[in-house]
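# Chains, contacts and geometry: an overview
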Amino acid sequence: MTENEDAKHNLLLNIKRLEGMLERIDNFCHNYDQEKMDASVAVLKIKSVIENLREVIPEMSKAAESIDQEKD
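The following paragraphs examine the structure supplied in this document. (Residues numbered from 1 in each chain as written. Predicted model: local features only at pLDDT ≥ 70, side-chain atom pairs only at ≥ 80, totals over all residues. Heavy atoms only, no water.)

Attention now goes to helix 1 (residues 3-33). Compared with an ideal rise of 1.5 Å per residue, which puts 31 residues at 45 Å, helix 1 spans 45 Å between its outermost C-alpha atoms and is within 8% of the ideal. Residues of helix 1 that are buried include every one of Asn4, Ala7, Leu11, Asn14, Leu18, Met21, Ile25 and Phe28, and no others. Glu35 sits one or two residues past helix 1 and shows a positive phi near 60°. (Helix = DSSP H or I, 4+ residues; strand = E, 2+ residues; numbered from the N terminus. Expected span 1.5 Å × (residues − 1). Buried < 20%, exposed > 50% of the residue type's maximum accessible area, 1.4 Å probe, protein only.)

Written as structure tokens, this is what we have:
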């Protein structure tokens, strides 16, 4: 694959990762609303997902920059 195709592929994978993370947060909130989960456990799980988001977002930025550079 060319660098541009690799960047697009990485962006699509990261988007899928983000969707999965948001779904997990929704599940934690739903379970908390249903009183199936202790609030402190829900907060810890959400913090963990947020840390994963902090890792994915810079990767997406780098991939987008790669696509922009190849366009120029």
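Examined against the element boundaries, Met21 turns out to sit in helix 1. You can call Met21 buried: its relative accessible area is 3%. Measuring from C-alpha to C-alpha, the distance between Met21 and Ile50 comes to 8.2 Å, with 29 residues separating the pair along the chain. Non-local contacts of Met21, meaning those with residues more than four positions away in its chain, are made with Val49, Asn52, Leu53 and Val56. (Contact = heavy atoms within 4.5 Å.)

The subject of this paragraph is the pattern of salt bridges. If you walk through the whole model with that rule in mind, you get three salt bridges. With a shortest N-O distance of 3.9 Å, Lys16 and Glu19 are connected by a salt bridge. Of this pair, Lys16 and Glu19 both sit in helix 1, three residues apart, which is roughly one turn of the helix. The class for Lys16 is exposed, based on a relative accessible area of 57%. Exposure remark for Glu19: the relative accessible area of 44% places this residue in the partly exposed category. (Salt bridge = Lys/Arg side-chain N within 4 Å of Asp/Glu carboxyl O.)

This paragraph deals with the side chain of Ser66. Following the sequence through the fold, Ser66 ends up in helix 2 (residues 39-71). Each residue touching Ser66, except ones within four places of it in the same chain, is listed here: Glu3 and Ala7.

This paragraph deals with the environment of Lys47. Residue placement: Lys47 occurs in helix 2. Remark: the alpha-carbon pair of Lys47 and Ile25, spanning 22 residues in sequence, is separated by 9.5 Å.

Our next topic: the side chain of Asn14. By the element assignment, Asn14 lies in helix 1. On the basis of relative accessible area, Asn14 is assigned to the buried category, the value being 5%. Excluding residues within four positions of it along the chain, Asn14 makes contact with Val56, Glu59 and Met60.

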